[in-house]
Amino acid sequence: MAVRHIEKVLIANRGEIAVRIIRTCKEMGIATVAVYSDADLHAPHVLMADEAFNIGPPPSRESYLVIDKIIDVAKRTRATAIHPGYGFLSENADFSKRVAEAGLIFVGPGPESIKTMGDKTEARKLVMKANVPIVPGTPGAIDNIEEARDFCMRHGLPILIKAAAGGGGKGMRVVHKVDDLQSAFNGATSEALSAFGDGRVYIEKYLESPRHIEFQIIADHHGNTIHLGERECSIQRRHQKVIEETPSVIVDEKLRQRMGATAVGAAKACNYHNAGTIEFLVDKNRNFYFLEMNTRLQVEHPITEMRTGVDLVALQLRVAMGERIPFEQEQVSFRGHAIECRIYAEDPSNGFLPSTGRISHLVPSQGPGIREDRGVKQGGEISVYYDPMISKLVAHGGTRNEAISRMKRSLREYEILGVKTNIPFCLFILDHPKFIEGDFDTHFIPMYFKPERLARLSDDEEAAAALVCAMMEDNSLQAQSLSSVGTYVVKDGRVGRGDSTNHAGLTKWKLQRVNNMRS
Ligand code: ADP
């Protein structure tokens, strides 16, 4: 394949991933085009890109998911390529095809790979031919409940009914009793239909205490496919990842080589090119089974970057231009340990209810070994329209212990007001003896999480902290206009309790108190 240079990239996404892609483009001297909905006019990705175009109202199906609008902007701005990020249109085979038909480079795999791997039943059939072990299950989608009963008779319970078009943990039902088959089948089918417009479901044996371990791969157009090691993603809530780390404590060099080679084989089986992830479930005896392939950049890709020193977005762009991967498998080196926490605007003390609103104060943490990927800034809104993720905090250290300590320090330092966050929840996990020992599986959260054990700020304390922050930022103006909040009093531009009048001292005390409450 001839090398075709990319001069300008349109990023068909928003939030932290759009910002992250723009950063690498800037480093590579590639011009950038952002697209945005009415809700994102002031978003960081819009301000950072060289050009930005409004593509419609806030709901994503009227903006970020409209293929015609995005290709139209790409043509008008003479972009050479489109990077889809993750989510939205990133795993839409039709989008990849339409981008290529418009004479543009799609920074991702071809439509056929996306299509095959996007259908879990097709993916299972394909990788099985390449001798990749899969979780035992029905060979294809099941048409009726009798087929489900039949499978249970032969393989026993528990089973998992899964959507063939599944993603994001949707359309999945665990069945422990035959009596529950019908309602689980109905539930999974209707959820799959409404989420993916495709109600087909199939059955997998439900592995009781697996770990979710995935491999990052990158493939060029010259027949080279390389893996960049594993990511341990077993810390999940409702089948969604919360904390990821690399390496996994259960993967030794021998297992890494075996799983890595299997992942490369699975990618080759679908003639894959660009970045992708092969997900596996691993049982207690370290047997591993193919779960699915994600044909895009993953949310958790930064931990692989921290540990290998490879910029995955740069590599994606180079491969898309037709360049060869500039290193061999043996040259991939791994350094230290990296952990990522997904910081969400949600209330872990209250059923993880999304917490929308304006971020009134935000001072992120920095310091040794910390990277933050964020697509929203102070004053920005967490809206109902999009995923409520605020930030991805990544800590790198020489050892697992050092990475954990750095992550905990960084979570405690993180100052954010206006929305509730899952920071106390992340700290709860990182402090848990089972997590520290590395002794966990995908059931860690349902098994050990106790919301009542979370550190909480009272409404008074939160309001007082907000006042202190307002005083610091707006030179006391905003604070002076408010006279009292609960037991906290603002007097002469100072916030205090009783006779406390030491502004600087109190401010420091208050912010520290906010942070210490999280420990
Ligand atoms: P999605 O594409 O919706 O994210 P996946 O197939 O990737 O679905 O599975 C998501 C998570 O669900 C896995 O990480 C694991 O925790 C759980 N899971 C999926 N299949 C099985 C299975 N057969 N046995 C046990 N857990 C499973």
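Not measured: the values here are computed from a predicted model.

S.K.: So what exactly am I meant to see when it comes to the overall build of the protein here?
M.R.: Helix and strand counts for the protein stand at 18 helices and 25 strands. The buried share of the protein, taken over its 519 residues, is 56%. When contacts within the protein are restricted to residue pairs at least 6 apart in sequence, long-range pairs at least 24 apart make up 65% of them. As displayed, the protein has an accessible area near 21,700 Å², and 49% of this comes from carbon and sulfur atoms.

S.K.: Before we go on, may I ask you to explain the site of the ligand in this structure?
M.R.: Neighbouring the ligand are 23 residues; Lys120, Lys162, Gly169, His212 and Gln236 lie closest to it. At 2.7 Å from an oxygen atom of the ligand is found a side-chain nitrogen or oxygen belonging to His212. At 2.7 Å from an oxygen atom of the ligand is found a side-chain nitrogen or oxygen belonging to Gln236. Classifying every residue of the shell around the ligand by side-chain character gives 8 nonpolar, 8 polar and 7 charged. For the shell around the ligand, the domains that each give at least three residues are domain 2 (136-205) and domain 3 (211-453).

S.K.: Please explain helix H4 (residues 93-101) as it appears in this structure.
M.R.: Among the residues of H4, Ala93, Phe95, Ser96 and Val99 are the ones counted as buried. For H4, the buried positions fall inside an angular range of 165 degrees around the axis, keeping them on one side. Elements in contact with the buried residues of H4: helix H3 (67-76), strand S4 (81-83), strand S5 (105-106) and helix H5 (111-118). Its side-chain oxygen at 2.9 Å from the backbone nitrogen of Asp94, Asn92 defines the N-terminal cap of H4. A positive phi of about 80 degrees marks Gly103, the residue just after H4.

S.K.: What exactly am I supposed to notice about the packing of aromatic side chains here?
M.R.: Each aromatic ring pair is characterised by the separation of its centres together with the angle its planes make. Taken as a whole and judged by the stated rule, the model has 13 aromatic pairs. Aromatic pair Phe352 and Phe425: ring centres 4.8 Å apart, planes at 75 degrees, arrangement edge-to-face. Separated by 73 residues along the polypeptide, Phe352 in the loop between strand S15 (346-347) and strand S16 (353-354) and Phe425 in helix H13 (residues 423-431) bring together distant segments of the chain. Overall, the relative accessible area of 10% leaves Phe352 in the buried class. Relative to Phe449, the ring of Phe428 lies with its centre 5.3 Å away and its plane at 80 degrees, an arrangement referred to as edge-to-face.

S.K.: Teacher, can you tell me more about the pairing of strand S14 (residues 337-344) here?
M.R.: A regular strand carries its side chains on alternate faces of the sheet. Within S14, 8 of the 8 residues are buried, which leaves the element mostly enclosed by the surrounding structure. Side chains of S14 alternate between two faces, with His337, Ile339, Cys341 and Ile343 and Ala338, Glu340, Arg342 and Tyr344 buried alike. In terms of strand pairing, strand S11 (residues 240-246) meets S14 through 4 bridges, oriented antiparallel. Each bridged residue has a counterpart across the sheet, and for Thr246 the counterpart in S14 is Ala338.

S.K.: I would appreciate a short explanation of the sheet that holds strand S7 (residues 172-175) in the present structure.
M.R.: As a general point, the strands of a sheet are linked pairwise by backbone hydrogen bonds and lie either parallel or antiparallel. Spatially, 3 strands are ordered S7-S6-S8 in an open sheet, and the strand pairing comes out antiparallel. Looking along the sheet, the strands with just one partner apiece sit at the ends: S7 and strand S8 (201-205). In this sheet, adjacent strand axes meet at a mean angle of 25 degrees when their direction is disregarded. Both strand S6 (residues 159-163) and S8 contribute to a ladder of 5 bridges, which runs antiparallel.

S.K.: Is there a simple way to think about helix H8 (residues 181-196) in this case?
M.R.: Since one α-helical turn is 3.6 residues long, residues separated by three or four positions face the same way. The first and last C-alpha atoms of H8 sit 22 Å apart over 16 residues, in line with the 22 Å expected at 1.5 Å per residue. For H8, every residue scored as buried is listed here: Leu181, Ala184, Phe185, Gly187, Ala188 and Ala192. Viewed along the axis of H8, the buried residues span an arc of 165 degrees, placing them on a single side of the element. Turned more than 90 degrees from where H8 packs its buried face, Leu193 and Ser194 sit exposed. Tucked into the core, H8 has its buried residues touching helix H7 (145-155), S6, S7 and S8.

S.K.: Quick question: what am I supposed to make of the confidence of the model for the protein here?
M.R.: As a note on interpretation, predicted positions should not be read in detail where pLDDT is low. Residues with a pLDDT of 70 or more make up 87% of the protein, whose mean pLDDT is 90. Low pLDDT (under 50) marks residues 497-519, which in the prediction has 42 contacts with non-local residues, meaning those over four places away or in another chain.

S.K.: I keep staring at the sheet that holds strand S13 (residues 288-294) and nothing clicks. Help me out?
M.R.: Across the sheet, 8 strands lie side by side as S13-S12-S9-S10-S11-S14-S21-S19; this open sheet has antiparallel pairing. At either end of the open sheet lies a strand with only one pairing partner, and these are S13 and strand S19 (370-374). Direction aside, neighbouring strands of the sheet carry axes that sit 25 degrees apart on average. As judged from the 4 bridges shared by strand S10 (residues 225-237) and S11, these two strands associate in the antiparallel manner. Along S11, the bridge assignment pairs Arg237 with Gln240.

S.K.: What is the right way to read the pairing of strand S1 (residues 8-11) from this model?
M.R.: Neither face of S1 is exposed, since Lys8 and Leu10 on one face and Val9 and Ile11 on the opposite face are all buried. By the bridge criterion, 4 bridges tie S1 to strand S2 (residues 31-36) in an arrangement that is parallel. Bridge pairing in S2 links Lys8 to Ala31. Where S1 and S4 come together, 3 bridges link them in parallel fashion. Bridged to Ile11 within S4 is His83.

S.K.: Whenever I open this one, the side chain of Glu244 confuses me. Can you help?
M.R.: When you line up the elements, Glu244 lands in strand S11. Taking the relative accessible area as the measure of exposure, Glu244 reaches 0% and is therefore buried.

S.K.: When you look at the side chain of Thr121 in this model, what are you seeing that I'm missing?
M.R.: Structurally, Thr121 can be placed in helix H6 (residues 120-129). Discounting chain neighbours no more than four positions away, the residues touching Thr121 are Pro139, Gly140, Ala141, Ala164, Arg200 and Tyr202.

S.K.: Would you take a moment to explain the pattern of salt bridges for this structure?
M.R.: It is possible for side chains bearing opposite charge to pair when their charged atoms get close. As enumerated under the stated definition, the model contains 39 salt bridges in all. Taking the shortest distance from any N to any O, the salt bridge between Glu122 and Lys125 comes out at 3.5 Å. With a gap of 3 residues between them, Glu122 and Lys125 both fall in helix H6, about one helical turn apart. The partly exposed category is assigned to Glu122, whose relative accessible area is 35%. Accessibility expressed as a relative area gives 36% for Lys125, which makes it partly exposed. Close ionic contact of Lys241 with Glu300 constitutes a salt bridge, the shortest N to O distance being 2.9 Å. Taken together, the residues span a long stretch of sequence, with Lys241 in strand S11 and Glu300 in the loop between S13 and helix H10 (301-308) at a distance of 59 residues. Here the salt bridges share partners, and the residues they tie into one network are Glu214, Arg231, Lys241, Glu244, Glu279, Glu300, Glu340 and Arg342.

Conventions and cut-offs
- Position labels on residues start from 1 in each chain and follow its written sequence.
- In keeping with the predicted nature of the model, local features appear solely for residues at pLDDT of at least 70, side-chain atom pairs appear and are counted solely at 80 or more, and the whole-chain, interface and lining totals rest on all residues.
- Note that the side-chain values use all heavy atoms of the structure and ignore hydrogens as well as water.
- Only DSSP runs of H or I covering at least 4 residues are called helices, and only runs of E covering at least 2 are called strands; the numbering of each starts at the N terminus.
- A simple rule labels every residue: compare its accessible area, found with a 1.4 Å probe on the protein chains alone, to the largest value its type can have, and call it buried under 20%, exposed over 50%, or partly exposed in between.
- Contact definition: two residues touch when any of their heavy atoms are within 4.5 Å.
- To measure how exposed things are, a 1.4 Å probe is used in the Shrake-Rupley method; for residues, cover is taken only from the protein chains shown.
- We call a residue near a molecule or strand when any one of its heavy atoms sits within 4 Å of it.
- Any N or O atom pair separated by 3.5 Å or less is treated as a polar contact, with the protein-specific requirement of one donor-capable and one acceptor-capable atom, and with residues adjacent in sequence counted only for side-chain atom pairs.
- Residues are grouped as follows: Ala, Val, Leu, Ile, Met, Phe, Trp, Tyr, Cys and Pro are nonpolar; Asp, Glu, Lys and Arg are charged; all remaining types, including Gly, are polar.
- Where each domain begins and ends is defined by an automated method or by a domain database.
- Directions from the helix axis toward the C-beta atoms define the arc.
- Note on ring pairs: Phe, Tyr and Trp rings are taken, using the six-membered ring of Trp, and paired if centres are within 6.5 Å. Classes follow the plane angle, with under 30 degrees stacked, over 60 edge-to-face and the rest tilted.
- If DSSP finds at least two bridges between two strands, the strands pair.
- Axes here mean lines fitted to C-alpha atoms, for a helix over just the part in contact, with angles spanning 0 to 180 degrees between N-to-C directions.
- Helix span, as expected, comes to 1.5 Å for every residue beyond the first.
- pLDDT is a per-residue confidence score from the predictor, ranging from 0 to 100.
- By definition, a salt bridge exists where a carboxyl oxygen of Asp or Glu is found within 4 Å of a side-chain nitrogen of Lys or Arg.

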